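Working through the structure, step by step
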Amino acid sequence: MRVLLLALTALALSACATTRPGTGPTGPGSTGPAWTEIEIAEGACYGFCPIYTITVTPDDRYTLNGERFTRHDGQTSGRLEAGSFQRLAAILQAHDAAALPADITMNNPAACGRTMMSDLPDFRLGLTGPAGRQDIVWYPGCADSPYREALSQIRDQVRVAYQYETLIVPKR
């Protein structure tokens, strides 16, 4: 009888548990709370690298601040194609971006490694959700970083998702 009561109690408690589907990870296999904003930025180099910040929200709206060497300097906004935010979130989740260290730069040798190249623009992610904001800064010149391959893929794939060639890169 005691085992039956424990089993019924466990069943009742599990029926009360809820999950909230979303795009932001909270752990392996979890759908977790949704990100409410994804911010991507790239910084300066010694050449003509675009310097910008783009923020995308779940309704596929974006705000773009083109600082230098972008198609349009200054702030612009608009709407990306439908599903762009979900694609961004899926890319970040597939590469477990939420588990990356906050600082993958020369200031953090454990994450950067010992071999460094210079003159590369930094890449920054800002992931905002119900628990707050998580910032990740990556310097691609960290040649020995164990995170380099994942971050290179993230950078290349998110550029496609937010139309880097159309919105950011100056007309050639």
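The structure under discussion appears in the preceding block.
Residues numbered from 1 in each chain as written. Predicted model: local features only at pLDDT ≥ 70, side-chain atom pairs only at ≥ 80, totals over all residues. Heavy atoms only, no water.

For helix 4 (residues 148–161), spanning 14 residues, the distance from its first C-alpha to its last is 20 Å, which sits close to the expected 20 Å at 1.5 Å a residue. What helix 4 keeps buried is the set Leu151, Ser152, Ile154, Arg155, Val158 and Ala161. Those residues of helix 4 that are buried are in contact with strand 1 (37–42), helix 2 (84–94), strand 5 (103–104), strand 6 (123–129) and strand 7 (132–138). The first or second residue beyond helix 4 is Gln163, which carries a positive phi of 60°. (Helix = DSSP H or I, 4+ residues; strand = E, 2+ residues; numbered from the N terminus. Expected span 1.5 Å × (residues − 1). Buried < 20%, exposed > 50% of the residue type's maximum accessible area, 1.4 Å probe, protein only. Contact = heavy atoms within 4.5 Å.)

In this structure, Ile38, Ile40, Ile54, Leu92, Ile154, Val158 and Tyr162 are the most contacted members of the largest nonpolar core, which totals 32 residues. Ranked by the residues each element gives to this core, the list is headed by helix 2, at five residues. Ignoring sequence-local partners within four residues, the contact set of Ile154 consists of Ile91, Leu92, His95, Ala97, Leu100, Phe123 and Leu125. (Core = buried A, V, L, I, M, F, W, Y, C linked by side-chain atoms within 4.5 Å.)

With respect to the element layout, Thr70 can be found in the loop between strand 3 (61–68) and strand 4 (74–79). Residue classification places Thr70 among the buried residues on the basis of a relative accessible area of 9%. Here the side chain of Thr70 touches His72 through a polar contact of 3.2 Å, landing on its backbone oxygen. Excluding residues within four positions of it along the chain, Thr70 makes contact with Pro50, Ile51, Tyr52, Ile168 and Pro170. (Polar contact = N/O pair within 3.5 Å; in protein donor to acceptor, adjacent residues only side chain to side chain.)

Bridge count for strand 2 (residues 51–56) against strand 3 is six bridges, and the pairing is antiparallel. In the sheet register, Thr55 faces strand 3, and the bridge partner there is Thr63. As consecutive antiparallel partners, strand 3 and strand 4 are separated by five residues, and within that stretch Phe69 has a phi angle of approximately 60°, a positive value. (Pairing = 2+ DSSP bridges.)

Going through the model one piece at a time under the given rule, you end up with seven salt bridges. Asp59 is the salt-bridge partner of Arg61, the closest N and O atoms lying 3.5 Å from each other. Arg61 gets classed as partly exposed once you look at its relative accessible area, which sits at 42%. Among the residues examined, Asp59 registers a relative accessible area of 37% and is labelled partly exposed. (Salt bridge = Lys/Arg side-chain N within 4 Å of Asp/Glu carboxyl O.)

A few words on helix 2. Given 3.6 residues per turn, any residue in an α-helix points the same way as the ones three and four places further on. When we look at burial in helix 2, the residues that qualify are Ser84, Phe85, Leu88, Ala89, Ile91 and Leu92. Taken down its axis, helix 2 places every buried residue within 160° of arc, on the same side. On the buried face of helix 2, the contacting elements are strand 1, strand 2, strand 6 and helix 4. Of the residues flanking the end of helix 2, it is Asp96, one or two places downstream, whose phi is positive at about 55°. (Arc of directions from axis to C-beta.)

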